[in-house]
Amino acid sequence: MILTPGKVPLASWRAIARGETFTLDSAAMPAVAASAAAVEAIVAAGAPVYGINTGFGKLANIRIAPDELGQLQRNIVLSHAAGVGAPMTPASLRLMMALKLASLGRGASGVRPETLMFMQAMLDRGVLPVVPRQGSVGASGDLAPLAHMTAAMIGVGEAYLGDERLPANIALARAGLTPLVLGPKEGLALLNGTQFSTAEALSVLFAIERVFQAALITGALATDAAKGSDTPFDPRIHALRGHRGQIEVADALRELMKGSRIRASHLTNDDRVQDPYCLRCQPQVMGAALDVMRNVAATLEIEANGVSDNPLIFADTQEALSGGNFHAEPVALAADTLALAACEIGSLAERRIAMLVDPALSGLPAFLTPKPGLNSGFMLAQVTAAALVSENKQRAYPASVDSIPTSANQEDHVSMAAHAACRLAPMAENAANVVGIELLAAAQGCDFHAPLKSSAALERARARLRERVPRLDQDRHLAPDIAAAADLVRSGALAAAADVDLPGIEGPGA
């Protein structure tokens, strides 16, 4: 896969997150070289330019001697590698480095082509920096995480080589690489930017999309288990409101339930007038979540293709312009709204679980067990789902409103994009477990309608579950069942089994 700076589609970032290899487009190198030459010209001219021959942040008014410019760049990397906490996952690390390569490859950062080729060689040879996930406030970029990335490039700190965690200099040596010596501005260009928070947000966006699609399947299955109506999915209803996501979700639910013998069995002589909202309002709730996810995807795709370090180098005029592209407010707001979508996906699924286990609402045996009393069935599975949904509610508080001044008030408003993005992974995992529990409950509910079957698509999904989890006839250790069902959700295997064109962040069938 060729990575063309400024023109990388969302599908390519998804592929990189899944582990696909890539090569930076060689056509980007002339612009990169011109940018580096502009920095050399600025250094030769001797005028004070931030980040090239001055201190950083509050120390920007201090001039640095020409013979100390290399030390200046090394020092900023060492001093800013102050992160703490658990390290990034290898998948997110690769994505972050790819994002940084694409940004530097625009030719507006003043780095040399050989610096980009060094990053590419690290990725090609499996050398991944150990980067702590805590320490960024998302303004002046993700300084601490990106400084740890850069530190490994100069042979400081730690790096993974395959499955081994090693001192960075040893990992580089074993990979046949010599630690990079930074040129003017290069340390600042490498550690300044939004690539950490963007990588974390993108990684989870793709994960939440898989949970969303699985929740469409489990929602349709739950509707059949409760002998709910598909009338609320009539396209005429949704056309009158006009929201794209709502329309597409209703289409998907109709397609998922098409041909269900369970649904056909109560088309007439059913004295129920309306279903509860957790069934009836699926297009409205899930459609709104889909629209939010698509807006997030659009924002993150723009950010992924942008340049977010400072100052920016304009080679045609040999100017270095200081601005604020490092401020990660777009990423923070996107991650905050994605958290809301993840919360609502899980919340609606939990309400359907609660409805199914309640015989007064579902008409099914209490807690979906053939012998209630002797057996508790799905009683505690619903409690677990409720606990996870409440945890997600607490995590959904917007991080972007929580600015705190840093750097002696030089950075007096910050985005908290890293916080906003990093809290998404556990939210996605919680939602996957909730939808996994709904899969178990809905499949069990449909079992009680035998010999009637659901639609072909839903029966394929149910069969995929039954390959790993048998029907619950008597109480048993339930945690392995939940783990197996959640794995089908998070991996995309459930959606693949249903084999229906489901809407996603890039449109139907994405």
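Residues numbered from 1 in each chain as written. Predicted model: local features only at pLDDT ≥ 70, side-chain atom pairs only at ≥ 80, totals over all residues. Heavy atoms only, no water.

**Digging into the side chain of Asp-309**
Here Asp-309 lies in the loop between α14 (282-305) and β8 (312-314). Judged by relative accessible area, Asp-309 falls into the buried class, the value being 1%. Reaching out from Asp-309, the side chain makes a polar contact with the side chain of Ser-109 at a distance of 2.7 Å. Looking at Asp-309, its side chain comes within polar contact range of the side chain of Lys-185, at 3.0 Å. (Helix = DSSP H or I, 4+ residues; strand = E, 2+ residues; numbered from the N terminus. Buried < 20%, exposed > 50% of the residue type's maximum accessible area, 1.4 Å probe, protein only. Polar contact = N/O pair within 3.5 Å; in protein donor to acceptor, adjacent residues only side chain to side chain.)

**Comments concerning a nonpolar patch on the surface**
There is a patch of nonpolar side chains on the surface, built from Met-379, Leu-380 and Val-383 and spanning about 250 Å² of accessible area. When you line up the elements, Leu-380 lands in helix α17 (residues 379-395). For Leu-380, a relative accessible area of 52% puts it in the exposed group. (Patch = residues over 30% accessible without salt bridge, like charges linked within 9 Å, V, L, I, M, F, W, Y side chains within 5 Å. Areas by Shrake-Rupley, 256 points an atom, 1.4 Å probe, with all protein chains shown as cover. Salt bridge = Lys/Arg side-chain N within 4 Å of Asp/Glu carboxyl O.)

**Let's talk about the pattern of salt bridges**
This structure, assessed with the given rule, holds 27 salt bridges. Where Arg-294 meets Glu-248, a salt bridge forms, and the shortest distance between an N and an O atom there is 2.6 Å. Here Glu-248 lies in helix α11 (residues 244-257) and Arg-294 lies in helix α14, a separation of 46 residues in the sequence. Assessed through its relative accessible area of 9%, Arg-294 is described here as buried. The partner of Arg-490 in a salt bridge is Glu-429, with the nearest N and O atoms 2.6 Å apart.

**A closer look at the packing of aromatic side chains**
Under the defined criterion, the tally for this structure stands at 1 aromatic pair. Measuring from centroid to centroid gives 6.2 Å for Tyr-50 and Phe-56, while their planes differ by 85 degrees, and the two rings are edge-to-face. Judged by relative accessible area, Phe-56 falls into the buried class, the value being 15%. Cation over ring: Arg-471 sits above Phe-448, and NZ or CZ is 5.1 Å from the ring centre. (Phe/Tyr/Trp six-rings, centres within 6.5 Å; stacked < 30°, edge-to-face > 60°. Lys NZ or Arg CZ within 6 Å of the ring centre and 35° of its normal.)

**Considerations on empty space enclosed by the protein**
With a probe scaled to a water molecule rolled over the atoms, the places where space remains empty come into view. Within this structure, the stated rule accounts for 1 cavity of 30 Å³ or more. Around the largest cavity, the lining residues are Phe-378, Leu-440, Gln-444, Arg-466, Val-469, Pro-470, Arg-471, Leu-472, Arg-476, Leu-478 and Asp-481. The residue inventory of the lining of the largest cavity, partitioned by class, reads 6 nonpolar, 1 polar and 4 charged. (1 Å grid on protein atoms, 1.4 Å probe; cavity = no way out; pocket = protein on both sides within 12 Å on 5 of 7 lines; lining within 4 Å. Points joined across faces, edges and corners; volume = space filled by probe spheres on them. Nonpolar A, V, L, I, M, F, W, Y, C, P; charged D, E, K, R; others polar.)

**A short note on the sheet that holds strand β6 (residues 158-161)**
With respect to topology, 3 strands assemble into an open sheet ordered β4-β6-β7, the strand pairing being antiparallel. Each edge of the open sheet carries a strand with a single partner, namely β4 (127-129) and β7 (164-167). Between one strand axis and the next, the sheet turns through 35 degrees on average, direction left out of account. Alignment of β4 against β6, held across 3 bridges, turns out to be antiparallel. Looking across to β6, one finds that Pro-129 is bridged to Ala-159. The strands touched by helix α4 (residues 90-104) are β4 and β6; relative to β4, the strand with the most contacts, the crossing angle is about 90 degrees. (Pairing = 2+ DSSP bridges. Axes fitted to C-alpha atoms, helices over the stretch in contact; angles between N-to-C directions. Contact = heavy atoms within 4.5 Å.)

**Details of the packing of helix α19 (residues 424-447) against helix α20 (residues 456-466)**
Look at α19 against α20: their axes get within 11 Å of each other, and the N-to-C directions meet at 110 degrees. Between α19 and α20, the interaxial angle falls into the category roughly perpendicular. Of the residues in α20, those touching α19 at Leu-439, Leu-440, Ala-443, Gln-444, Cys-446 and Asp-447 are Arg-462, Leu-465 and Arg-466. Counted by class, the contact of α19 with α20 contains 5 nonpolar, 1 polar and 3 charged residues. (Parallel < 35°, antiparallel > 145°, perpendicular 65-115°, else oblique.)

Worth remembering: the numbers are spatial, not functional.
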